[in-house]
Amino acid sequence: KVDEQSSEFTKLCESIKKFGLMKNIVAELQVSPREDSYELICVAGHRRLMALKKLGLEERMPCLLKSYDEDKNGDRVGAALSENLTREGLGCVDIANGYKELKKYGWSDEDLVKHFEKNKKTIVQYLRLSELPDDIKIIIRQQPEKLSTRVVFREILAKHSTVGEIRKAVNRRIETQKPDINRGKNTKIKIQLDTFFEKESISEEIKNIVIRAFKFTG
């Protein structure tokens, strides 16, 4: 889900308008059985695609073309999730749903740990989150400031086992949580990082290290 009203999306549009598309969209090339037509499916880069459409630049855009084995559809999901995990704005519910989808394609917990460089305890928590009813997941997705990944894992899932207890804890958190006085500062830092990454064409490896460093220091 792309929030076109967010400050991050606005900054992305401004960056593309000023500097152009700094990183290709990843598209799957699907050729018809008769090989007389083809279709391009966006696998990674949905925010960039939406930004290009909003700017009226969708007619021609640089894409990295990929093909995937139909018997290994999990590879397609894994590629999309890997891409989006490096972007700001992907919430814990969307990550959890992605892991659940990969489990359907036969990925083991160990596969998820290795591919996404997470410890097993974290993967298990995401999978627990993915099994919650939709009404709870919708609330978590809509309240990222009050129900951050840290809060959901450490204060809700770690302390409550049943769906009823979790639902009550989620609602209680929304009703009692005080406004985050650092929200404005954190948003400004995220915008500045996004702008820096786009201008300097930072590699994904370095970008991930920088983001992990900022998260580590709070």
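Values in this document were obtained by computation on a predicted structure and should not be read as measured data.

Engineer: Which residues make up the overall build of the protein, and what values go with them?
Structural biologist: Within the protein, the secondary structure is distributed over 11 helices and 3 strands. Order of helices (α) and strands (β) in the protein, N terminus to C terminus: α-β-β-α-β-α-α-α-α-α-α-α-α-α. Taking all 218 residues of the protein together, the buried fraction comes to 33%. Intrachain contacts of the protein at a sequence separation of at least 6 include 64% that bridge at least 24 residues. Element-wise, carbon and sulfur atoms account for 51% of the exposed surface of the protein, whose accessible area totals about 14,200 Å².

Engineer: Describe in detail the packing of aromatic side chains, supporting the description with residues and values.
Structural biologist: Applying the stated criterion to the full structure yields 2 aromatic pairs. Each ring, one from tyrosine 99 and one from tyrosine 126, has its centre 5.3 Å from the other, and the planes form 90 degrees; the classification is edge-to-face. With tyrosine 99 in helix α4 (residues 92–104) and tyrosine 126 in helix α6 (residues 120–130), this pair connects stretches of sequence that are 27 residues apart. Judged by its relative accessible area of 0%, tyrosine 99 falls in the buried class. Ring centres of tyrosine 126 and phenylalanine 153 lie 4.8 Å apart, and the angle between their planes is 80 degrees; this geometry places the pair in the edge-to-face category. Residue tyrosine 126 is located in helix α6, and its partner phenylalanine 153 is located in helix α8 (residues 149–157); the two are separated by 27 residues in the primary sequence. Tyrosine 126 sits in the buried class, given a relative accessible area of 5%.

Engineer: Describe in detail the sheet that holds strand β3 (residues 63–66), supporting the description with residues and values.
Structural biologist: Consider a sheet: its strands pair through backbone hydrogen bonds, and that pairing is either parallel or antiparallel. One open sheet accounts for 3 strands, arranged β2-β1-β3; its pairing is mixed. Looking at strand neighbours, the two that pair on one side only are β2 (38–44) and β3, the edges of this open sheet. Going across the sheet, the axis of each strand differs from the next one's by a mean of 40 degrees, ignoring polarity. Bridge count for strand β1 (residues 25–31) against β2 is 6 bridges, and the pairing is antiparallel.

Engineer: Would you mind going over the pattern of salt bridges in detail, with residue names and values included?
Structural biologist: Applying the stated rule across the entire model yields 8 salt bridges. The closest approach of N and O atoms between glutamate 131 and lysine 100, which form a salt bridge, is 3.9 Å. On the criterion of sequence distance, the pair formed by glutamate 131 in the loop between α6 and α7 (134–142) and lysine 100 in helix α4 is long-range, its members being 31 residues apart. Owing to a relative accessible area of 54%, glutamate 131 belongs among the exposed residues under this scheme. Exposure remark for lysine 100: the relative accessible area of 26% places this residue in the partly exposed category. Measuring nitrogen to oxygen at the nearest pair gives 3.9 Å for the salt bridge that ties glutamate 101 to lysine 104. In this pair, glutamate 101 and lysine 104 are both assigned in helix α4, 3 residues apart and thus about one turn of the helix distant. Judged by relative accessible area, which is 61%, lysine 104 ranks as exposed.

Conventions adopted
- Residues numbered from 1 in each chain as written.
- Predicted model: local features only at pLDDT ≥ 70, side-chain atom pairs only at ≥ 80, totals over all residues.
- Heavy atoms only, no water.
- Helix = DSSP H or I, 4+ residues; strand = E, 2+ residues; numbered from the N terminus.
- Buried < 20%, exposed > 50% of the residue type's maximum accessible area, 1.4 Å probe, protein only.
- Contact = heavy atoms within 4.5 Å.
- Areas by Shrake-Rupley, 256 points an atom, 1.4 Å probe, with all protein chains shown as cover.
- Phe/Tyr/Trp six-rings, centres within 6.5 Å; stacked < 30°, edge-to-face > 60°.
- Pairing = 2+ DSSP bridges.
- Axes fitted to C-alpha atoms, helices over the stretch in contact; angles between N-to-C directions.
- Salt bridge = Lys/Arg side-chain N within 4 Å of Asp/Glu carboxyl O.

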